[in-house]
Amino acid sequence: MSKVLVTGGCGYIGSHTIISLIESGYEPISIDNLSNSYEESLERVFQITGKKVKNHRIDLCDAPSLHTVFDQYDDIQGIIHFAALKAVGESVEKPLLYFRNNLNSLLNVMDQANRKGIDHVIFSSSCTVYGQATDLPVTEETEMKEAESPYGRTKQLSEYILKDLSEIWGINALSLRYFNPAGAHPSGLLGEAPRVAALNLVPVITETAAGKRDTCVVFGDDYDTRDGSCIRDYIHVMDLADAHTKALTYLLQNKHSSNYEVFNLGIGQGVTVLESIQAFERVTGQKLKYEIGPRRPGDVVAIYSNYDKAKKHLGWMPRFGIDDIMKSAWQWELNRDF
Ligand code: NAD
Ligand code: WQD
């Protein structure tokens, strides 16, 4: 079994990916300082897969501790680097925190990969690297515009750093640019469980319906879109998890054509905020309390992906749409107990 080091393995996308990795025969090991997660997520992984996954609770910015963890293993085949701080608004308030955490983590992980001869690295990037994209759908060739936040800038900078290091050191690296991840594991045992309140649309919808929030504010209905609200490409977290497993296999089977490659991971369908709310109401039978509010500064009007490259090279296809996302997110909202 190939050992895979998963940073941020207790977090939302990391924990769901760990399930997919186990189901494909990989042996994941997590490093996560629990700054935005709980180790309970790995207990849920155990309930779902029957496999125990070890978490090393260390900060990736702590280089000596990271060195010690890497020295505990001699047979790691690849690294999936999820760990990062991801709250866009907070990154504007605390830019240094974001630059320090996200960039130093990446540098330290790459330093260890190089030292230990680990040749395969997958990095969590984001559609935020495209900034205010105007040509839709965006392909991997679409230019990066100015980042809208220090968070977005850390993803752009990380991609450049990864490209340079992988080319110089001969490491094979992929940046996976996620669009809007949402939804939960179909068992209802695992979903998004952050320490810091999630401000993304889908958790705001489910928390409002569950009575944890008073209302869901739609940030603007006067955009130039079919119903006036913003358009996004929501991707089910299990589709995203599956894409990581396929991306790792792609690297390990030497199917890549250069040291550094980039893939969009979305489902290629733009859904408006109001359509998302309608989908939630339709599949759950719940009436959502929502109101139209002002535009949110920094919001892109519309963005969705062209994912042909992932389909062609990784053999990946999304299986779920907005209805499945809403159904699973609602089930998780009702079950969530950590
Ligand atoms: P998450 O917060 O649930 O998971 C990130 C994990 O990393 C957390 O468990 C946190 O405790 C850990 N972590 C953060 N800094 C660390 C450090 N210095 N040392 C050790 N552990 C640390 O977030 P997520 O939604 O699972 O996101 C995973 C990755 O995907 C992130 O890089 C994020 O930027 C990226 N991404 C997320 C989204 C999204 O909307 N969720 C979209 C695009 C990209
Ligand atoms: C989606 C749509 C909002 C909340 C963020 C990051 C991006 C990437 C994915 C990490 C927008 C609207 C939202 C609410 C609303 N993450 N909305 N009311 O901003 O597209 O992307 O997550 O890399 O970098 O910026 O996601 O879920 O916040 O918003 O009307 O209470 O829902 O305006 O149109 P976003 P989101």
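In what follows, the structure referred to is the one given above.
Let us look at the structure shown here.

About the criteria used
- Residues numbered from 1 in each chain as written.
- Chains lettered and ligands numbered in written order.
- Predicted model: local features only at pLDDT ≥ 70, side-chain atom pairs only at ≥ 80, totals over all residues.
- Heavy atoms only, no water.
- Pairing = 2+ DSSP bridges.
- Helix = DSSP H or I, 4+ residues; strand = E, 2+ residues; numbered from the N terminus.
- Contact = heavy atoms within 4.5 Å.
- Axes fitted to C-alpha atoms, helices over the stretch in contact; angles between N-to-C directions.
- Core = buried A, V, L, I, M, F, W, Y, C linked by side-chain atoms within 4.5 Å.
- Buried < 20%, exposed > 50% of the residue type's maximum accessible area, 1.4 Å probe, protein only.
- Near = heavy atom within 4 Å.
- Polar contact = N/O pair within 3.5 Å; in protein donor to acceptor, adjacent residues only side chain to side chain.
- Nonpolar A, V, L, I, M, F, W, Y, C, P; charged D, E, K, R; others polar.

The next subject is the sheet that holds strand 1 (residues 3–7). Across the sheet, 7 strands lie side by side as 3-2-1-4-5-6-11; this open sheet has parallel pairing. In this open sheet, the two strands that pair with only one neighbour each are strand 3 (55–56) and strand 11 (260–265). As defined by bridge partners, strand 1 adjoins strand 4 (residues 76–81) across 5 bridges and the pair is classed as parallel. Residue pairing in the sheet places K3 in a bridge with I76 of strand 4. Where helix 3 (residues 63–70) meets the sheet, it contacts strand 1, strand 2 (27–31), strand 3 and strand 4, and its direction lies at approximately 160° from that of strand 2.

Before going further, it helps to spend a moment on the nonpolar core. Soluble, globular proteins show a tendency: their nonpolar side chains are buried together. In this structure, V45, I122, L174, L176, L265 and W316 are the most contacted members of the largest nonpolar core, which totals 40 residues. Listing elements by their share of this core, those giving two or more residues are strand 1, helix 1 (12–23), helix 2 (40–49), strand 6 (172–178), helix 8 (237–252), strand 11 and helix 10 (308–314). For this core, the leading source of residues is helix 8, giving 7 residues. The residues touching L174, leaving out its near neighbours within four places in the chain, are V121, I122, F123, L162, A247, Y250, L251, E261 and F263.

Around ligand 1, a shell composed of 27 residues is seen, among which D32, S37, F82, K86 and Y151 lie nearest. The contact in question runs from an oxygen atom of ligand 1 to an N or O atom on the backbone of I13, over 2.8 Å. At a separation of 3.0 Å, an oxygen atom of ligand 1 approaches a polar backbone atom of S35. Ranked by residues supplied to the shell around ligand 1, first place goes to strand 5 (residues 120–126) with 3 residues. In terms of residue class, the shell around ligand 1 is made up of 12 nonpolar, 11 polar and 4 charged.

Don't take any of this as a statement about function, it's just geometry.
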